[in-house]
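Breakdown of the fold
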Amino acid sequence: MVERIRGLTLIRPWAWAIACAGKDVENRTWEPPRAMVGGWLAIHAGKKWDQDAADSIADTFGVQVPGESAQPSGVIIAVARLAGVVRESESPWFGGPVGWTLDQVVQLPTPVTCRGAQGLWMLPAPVLERVHAGWAAARGARP
């Protein structure tokens, strides 16, 4: 059986920042269920785009943020481990009030098309299988 993981939809370019720019804290107003800590999240790039966020990421971190048309939407682009939950952090990505600390981020070699949702949501079985296969391929392992 394939391990279940939950999806988390983010406005673009925040999903890209996790997958490609070292964003190690996801800021929320709420804490995830305690049982999720240590588990995995599928990072889903939503359909909405935030140009102000893209400009801020570029200015703050000195990285070139791909434009809206270069970032796929409605897809899972990475898997990350939810390492912990904090109310303060030294990370430049922390904005609070609740920070979900992320580690072991693996960008998928091919984005997996999937409809997102608010909050945490379960990946449909066929999507979960494709995410696990991509995750394994990115790590050089067997699915």
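Residues numbered from 1 in each chain as written. Predicted model: local features only at pLDDT ≥ 70, side-chain atom pairs only at ≥ 80, totals over all residues. Heavy atoms only, no water.

The subject of this paragraph is helix H2 (residues 51-61). Here H2 has its buried residues at Ala53, Ala54 and Ile57. One side of H2 carries all its buried residues, which in axial view fall inside an arc of 105°. Opposite the packed face of H2, turned more than 90 degrees from it, sit the exposed residues Asp52 and Asp59. At its buried positions, H2 is contacted by helix H1 (14-20) and strand E3 (40-49). Where H2 begins, the side chain of aspartate 50 points an oxygen toward the backbone nitrogen of aspartate 52, at a separation of 3.1 Å. Immediately beyond the C-terminal end of H2, within one or two residues, lies glycine 62, with a positive phi of roughly 65°. (Buried < 20%, exposed > 50% of the residue type's maximum accessible area, 1.4 Å probe, protein only. Helix = DSSP H or I, 4+ residues; strand = E, 2+ residues; numbered from the N terminus. Arc of directions from axis to C-beta. Contact = heavy atoms within 4.5 Å. Polar contact = N/O pair within 3.5 Å; in protein donor to acceptor, adjacent residues only side chain to side chain.)

All right, on to the sheet that holds strand E5 (residues 98-113) then. Ordered in space as E2-E5-E4-E3-E1-E6, the 6 strands form an open sheet in which the pairing is mixed. Every interior strand has two partners, whereas the edge strands, strand E2 (25-28) and strand E6 (120-122), have only one. The average undirected angle you get between the axes of adjacent strands in this sheet is 45°. Bridging between E2 and E5 involves 4 bridges; their strand directions are antiparallel. Within E5, the residue paired with glutamate 26 across the bridge is tryptophan 100. (Pairing = 2+ DSSP bridges. Axes fitted to C-alpha atoms, helices over the stretch in contact; angles between N-to-C directions.)

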